[in-house]
Amino acid sequence: MHYPVDLHTHSTCSDGRLAPAAVVARAAANGVRVLALTDHDTVDGLAEAGAAARAEGLTLVAGTELSVTWARRTLHVVGLGFDPGAPALTRALAANAAERERRAERIAHHLDRAGISGALDGARDEADGGVPGRMHFARHLVARGAVRRPADAFRRYLGRGRPAAVGSHWVSLEAGVAAIRDSGGVAVFAHPLRYGLTRSQCRQATAAFAAAGGGAVEVVCGGDGPGDRSASRALARAHGLLGSVGSDFHDPDFRWREIGRLDPPPVDVSPVWAMLPGAAEAAAPG
Ligand code: AMP
Ligand code: MN
Ligand code: MN
Ligand code: MN
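Because the structure is a prediction, the values reported are computed rather than measured.

Student: Residues and numbers for the coordination of the manganese ion (ligand 2), please.
Tutor: The protein atoms that coordinate the manganese ion (ligand 2) are Asp 15 (OD), Asp 15 (OD), His 40 (NE2) and His 250 (NE2), at distances of 2.2 to 2.7 Å. The coordination sphere of the manganese ion (ligand 2) comprises six donor atoms, whose angles at the metal cover 52 to 162°; the geometry is irregular. Mapping the donors of the manganese ion (ligand 2) onto the primary sequence gives the spacing D-x24-H-x209-H. Distance-wise, the manganese ion (ligand 3) is placed 5.8 Å from the manganese ion (ligand 2). You can see Asp 15 sitting in the loop between strand E1 (5-6) and helix H1 (20-29) and its partner His 250 sitting in the loop between strand E8 (242-246) and helix H10 (279-283), a full 235 residues away along the chain. His 250 matches Asp 15 in its accessibility class, with the two residues each being buried.

Student: Kindly report on the packing of aromatic side chains, identifying the contributing residues and their values.
Tutor: Per the counting criterion, the structure on display carries four aromatic pairs. Summarising the aromatic geometry, the rings of Phe 189 and Tyr 195 are spaced 5.7 Å apart at their centres and angled 5° between planes, so their arrangement reads as stacked. Note on Tyr 195: relative accessible area 13%, which makes it buried. Each ring, one from Phe 254 and one from Trp 256, has its centre 5.2 Å from the other, and the planes form 20°; the classification is stacked. A relative accessible area of 52% places Trp 256 in the exposed class. Ring-pair connections join several aromatic residues into one group, and the members of that group are Phe 189, Tyr 195 and Phe 209.

Student: Quick rundown of the packing of helix H4 (residues 119-127) against helix H5 (residues 134-143)? Include the residues and the values.
Tutor: Two elements in contact, H4 and H5, have axes whose closest approach is 8 Å; the angle formed by their N-to-C orientations is 110°. Considering the angle they form, H4 stands roughly perpendicular to H5. Contacts from Ala 119, Leu 120, Gly 122, Ala 123, Glu 126 and Ala 127 in H4 reach His 136, Phe 137, Arg 139, His 140 and Ala 143 in H5.

Here is what the cut-offs are and how they apply
Residues numbered from 1 in each chain as written. Chains lettered and ligands numbered in written order. Predicted model: local features only at pLDDT ≥ 70, side-chain atom pairs only at ≥ 80, totals over all residues. Heavy atoms only, no water. Donors = N, O, S within 2.8 Å, 3.2 Å for Na, K, Ca; no water. Tetrahedral: all angles 85-135°; square planar, octahedral: opposite > 155°, others 65-115°. Helix = DSSP H or I, 4+ residues; strand = E, 2+ residues; numbered from the N terminus. Buried < 20%, exposed > 50% of the residue type's maximum accessible area, 1.4 Å probe, protein only. Phe/Tyr/Trp six-rings, centres within 6.5 Å; stacked < 30°, edge-to-face > 60°. Axes fitted to C-alpha atoms, helices over the stretch in contact; angles between N-to-C directions. Parallel < 35°, antiparallel > 145°, perpendicular 65-115°, else oblique. Contact = heavy atoms within 4.5 Å.

Shape descriptors only; they carry no functional weight alone.
Right under this line is the structure:
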């Protein structure tokens, strides 16, 4: 039986394939009762999603997925239940949006040197007015026939150690968590096992996140396996964090990250939605 909560999803406001209202409709159709839309470094989809959620009768939690820098690496922190207009959050989102623009230029420059010209315009078209990300470059590379699938674009050009991989200067882990908290929200360490960290680095990152005021860690993620499940559960318990569940839905064609197809959190990890107004009642069975 799938759990009626999904607190990590993307729309066309970042690198998802469906508009915010369509994400909400798909969530409702899949039995989700508590949903967070968590676009990368933006809250632009929340108004549309909120209106759709009222029409569908599901509870929408305000969300975003902040890119943060920790130990010269990028980590992702999902913010939940904040005031989307709060100045602290607005400042962090603006800093990251500016970094996305700078980074897009650097990625395009490296692609140009690898023989692929004009990718900046192509990625901007794919982003359609939103903040440009690597997925937009990946889709552009697919569209022009340079690679077959987005995953190949990461493997050949955009991923770590590849020709168009560039360092990113996001807000720090500490500043990102503070911005979420100061805006009335709770910070969630997203998909802790998907950064290519060693076990010890992962524990250090989780400790730094908790010390910064982070509240929860994702213990059930779209596409994770039983080993991931027990490792993330152990992280939550070792660092006194609550647990969140999220598919990281982007695209209806990515079946392994379908929206609302998640297991419940493990019984010995307290769910983060207990802290989110209105969410606990909506998530409860019956
Ligand atoms: P960005 O925040 O612009 O660096 O882009 C990160 C996003 O790229 C992630 O949220 C995924 O949507 C996507 N992504 C990262 N790595 C891969 C990969 N290997 N294959 C497919 N998509 C990826
Ligand atoms: Mn993404
Ligand atoms: Mn992420
Ligand atoms: Mn995500």
